[in-house]
Amino acid sequence: MSNIVISGYYGFNNAGDEALLTAILQALEAVDPETGITVISGNPLDTEIRHNVHAVQRFHAGHILRALSEADLLISGGGSLLQDVTSKKSLLYYLAVIATAKLQGCKVMLFAQGIGPIRNSLMRFLTKVVCRHADAITVRDADSAHELQRLGIPTEKVQVTADCVLTLNPADKRAGCRILEEAGLDPGKPILGISVRTWPDNLHCLQQLATAAAALSEEHDAQVAILPLQYSMDYETCDLLKNFMPRTKHPVVLLHQHFSTEEFLSIIGNFRLLIAMRLHALIFAAIMQVPLLAVSYDPKVDAFVKSVGARAAGTVDNLESGAVVEAADAIWDLDTEEQTEKIGSMRILARHNAEIAFSLLH
C-alpha cells in the first residue's frame, strides 16, 4: 500500500481550502482507495473528523518528519502556496516541507497549484532551487506555468491542468434552501449573494460594493445574502459590508455559521447571482451553474474568470458601484450553458492531477 502526505493550508476553516482537500481526497480515492493518506493540518483533530484521514500538526517538526519518512509521495497543494504576497514565512514553510520530503527520499508533486506572485528576489531563487527537484508539477492556470518558466523551471516539467475543486459534483440545493430560510430569506425570490474577504485598504471597495448591492436589490426586487467563506478571517469584513449598506425594503442577511463544502455549494446554488472576491466562492458558483461576477484582488481570480468566460467588475483598488451594477445587470438572467461547457472541460483536466500523482508511485 502506498502512503501519501498532503501539505497545504488545511485545518484553518477556510471553505475554499477545505473544499480543495475534499476534492483531492476524492480524486485519489477514485484512483486507488487503498492508499494511506496523512494530511499536514493546522487543526489535526478537525481534519481527521471532517475528512476521515490521519493528520499531523503543521507546526510539529517531529511529526511531519516521521510522516514524510514513511511516505512514498508528498503532494504539495492545491491552492496558492508558493507566493510571498500573503507572507514570506508561509512560502518558506511550504518550501521547507518540500525540501524535507526530498531529503527523506520521498517523491514530490506540486499539485494543481497557483504560483506567484513571488516578488522578493531571494524568495524567487529559493523557489527555483526547491521546485527544480519536484518529480511532477501541475498548475491550475497558464499564468502559473509562465511564472515557473520565469523562475527557471524547465517548460517540459510543468503541466497546466485545473483547480481540483472543479472535480466536485453539484450539490442538492435543498439543504441550502433550508439554511437560507432559517436565516430569514425566501429562496423563492431572487437572492443576490456576496462574498468578500479581508484585504488592506479595502474600505472604498466595501463602500462601493454596498452601494451597488443596495441598487441591485431595489432594481431586481432581490434579497441580499452575505457569505463569509473563511469564517474566522472574513466575518468582520462581511459584517462591515453589511453595515455600509443603505437601508433597503428587502432583507440583508449575514450568514454567520460554519458550513461544510456541501453546504456552501448548496447555499450558492440558490443565488440568482454571486459577487465574490475569493476564488473558490467563484468556483462554487460555476459548479452550481450560477452567474458569477468577480472583484479581483489577485491574478488567480482574473485567470479563472477568463477561463470560464466570466468577468470582473473591477479590482479591490478601483471598484466603482456603477461598474458593479452595470456588470451585474448584464448577467443577472444569464444562460450559463457556455460557462457550464467550459467547466466540463476543466473538470477533465482537474481529474488528471490524481492520475499524474499515482503515475509517480506506479
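Please refer to the structure higher up on the page.
Here is a short report on the structure shown in this document.

Bringing the nonpolar core into the picture now. Counting residues in hydrophobic clusters, the biggest one holds 103 residues, and the most contacted among them are Ile6, Leu28, Phe271 and Phe304. Those residues in contact with Leu28, other than ones at most four positions away along the chain, are Ile4, Ile6, Ile37, Ile75, Ala354, Ala357 and Phe358.

Take the sheet that holds strand β10 (residues 252–254) next. Sheet architecture is open: 6 strands sit in the order β10-β9-β8-β11-β12-β13, paired in parallel fashion. For this open sheet the edge positions go to β10 and β13 (311–315), each flanked by a neighbour on one side alone. Taken pair by pair, the neighbouring strands of this sheet meet at an average axis angle of 20°, ignoring direction. Examined bridge by bridge, strand β8 (residues 191–195) and strand β9 (residues 223–226) share 4 bridges and lie parallel to one another. Paired with Gly193 across the two strands is Ala225, which belongs to β9.

This model, assessed by the stated rule, comprises 11 salt bridges. Across the pair Asp163 and Arg140 runs a salt bridge, and its minimum N-O distance is 3.3 Å. Of this pair, Asp163 sits in the loop between β7 (158–160) and α7 (173–182) while Arg140 sits in the loop between β6 (136–139) and α6 (142–151), and the two are 23 residues apart along the sequence. Both residues of the pair, Asp163 and Arg140, count as buried. Taking the shortest distance from any N to any O, the salt bridge between Lys342 and Glu338 comes out at 3.5 Å. Taken as a pair, Lys342 and Glu338 lie in helix α14 (residues 337–361) at a separation of 4 residues, close to a single helical turn. When salt bridges that share partners are traced, they join Glu18, Asp46 and Arg50 into one network.

A few words on the packing of α7 against helix α10 (residues 261–269). Two quantities define a packed helix pair, namely the angle between the helix axes and the distance between the axes. Orientation of α7 relative to α10, taken along the N-to-C sense of each, is 75°, at an axis distance of 7 Å. Considered as vectors, α7 and α10 are oriented roughly perpendicular to each other. Mapping the contact onto sequence places Lys173, Arg174, Ala175, Gly176, Ile179 and Leu180 in α7 and Glu263, Ser266, Ile267 and Gly269 in α10. Tallied by class, residues from the contact of α7 with α10 come to 4 nonpolar, 3 polar and 3 charged.

Glancing now at the pairing of β8. Taken across its 5 residues, β8 has 5 buried, putting it largely inside the fold. Side chains Ile191, Gly193 and Ser195 of β8 all project onto a buried face; the interleaved residues Leu192 and Ile194 project onto the opposite face, where all are buried too. In this region the chain leaves β8, passes through helix α8 (residues 203–219) and returns to the parallel neighbour β9; the handedness of that crossover is right-handed. As paired strands, β8 and strand β11 (residues 273–276) are joined by 4 bridges and run parallel to one another. Paired with Ile194 across the bridge in β11 is Ile275.

Attention now goes to helix α5 (residues 121–131). Given 3.6 residues per helical turn, the α-helix brings residues three or four places apart onto the same face. For α5, the set of buried residues is Met123, Thr127, Val130 and Cys131. Seen end-on, α5 carries its buried residues on one side only, within an arc spanning 85°. The elements touched by buried residues of α5 are α4 (88–103), β5 (107–113), β6 and α6. For α5, the N-terminal capping position is held by Asn120, with its side-chain oxygen 2.9 Å away from the main-chain nitrogen of Leu122.

The next thing to look at is the sheet that holds strand β2 (residues 36–41). Pairing is parallel in the open sheet, where 7 strands are placed in the order β3-β2-β1-β4-β5-β6-β7. Edge positions in the open sheet fall to β3 (54–57) and β7, since each of these has one partner strand only. Strand-to-strand twist across the sheet, computed as the mean angle between neighbouring axes with direction ignored, equals 20°. The sheet contact formed by β6 and β7 spans 3 bridges and is parallel. Across the sheet, Ile137 pairs through a bridge with Val158, a residue of β7. Docked against the sheet, α14 engages β1 (3–7), β4 (73–79), β5, β6 and β7, running at close to 180° with respect to β5.

Cis geometry marks the peptide bond from Gly77 to Gly78, where omega comes out at -5°. For Gly78, the position within the fold is in strand β4. Residues Gly116 and Pro117 are joined by a peptide bond in cis, for which omega reads 0°. Looking at where Pro117 falls in the secondary structure, it is placed in the loop between β5 and α5. Non-glycine residue Asn13 carries a positive phi angle of around 60°. Positionally, Asn13 belongs in the loop between β1 and α1 (15–31). The backbone phi angle of Asn52 is positive, close to 60°, even though this residue is not glycine. Assignment of secondary structure puts Asn52 in the loop between α2 (44–51) and β3.

Cut-offs used in this document
Residues numbered from 1 in each chain as written. Predicted model: local features only at pLDDT ≥ 70, side-chain atom pairs only at ≥ 80, totals over all residues. Heavy atoms only, no water. Core = buried A, V, L, I, M, F, W, Y, C linked by side-chain atoms within 4.5 Å. Buried < 20%, exposed > 50% of the residue type's maximum accessible area, 1.4 Å probe, protein only. Contact = heavy atoms within 4.5 Å. Pairing = 2+ DSSP bridges. Helix = DSSP H or I, 4+ residues; strand = E, 2+ residues; numbered from the N terminus. Axes fitted to C-alpha atoms, helices over the stretch in contact; angles between N-to-C directions. Salt bridge = Lys/Arg side-chain N within 4 Å of Asp/Glu carboxyl O. Parallel < 35°, antiparallel > 145°, perpendicular 65-115°, else oblique. Nonpolar A, V, L, I, M, F, W, Y, C, P; charged D, E, K, R; others polar. Right-handed = clockwise from strand over helix to strand, strands pointing away. Arc of directions from axis to C-beta. Polar contact = N/O pair within 3.5 Å; in protein donor to acceptor, adjacent residues only side chain to side chain.

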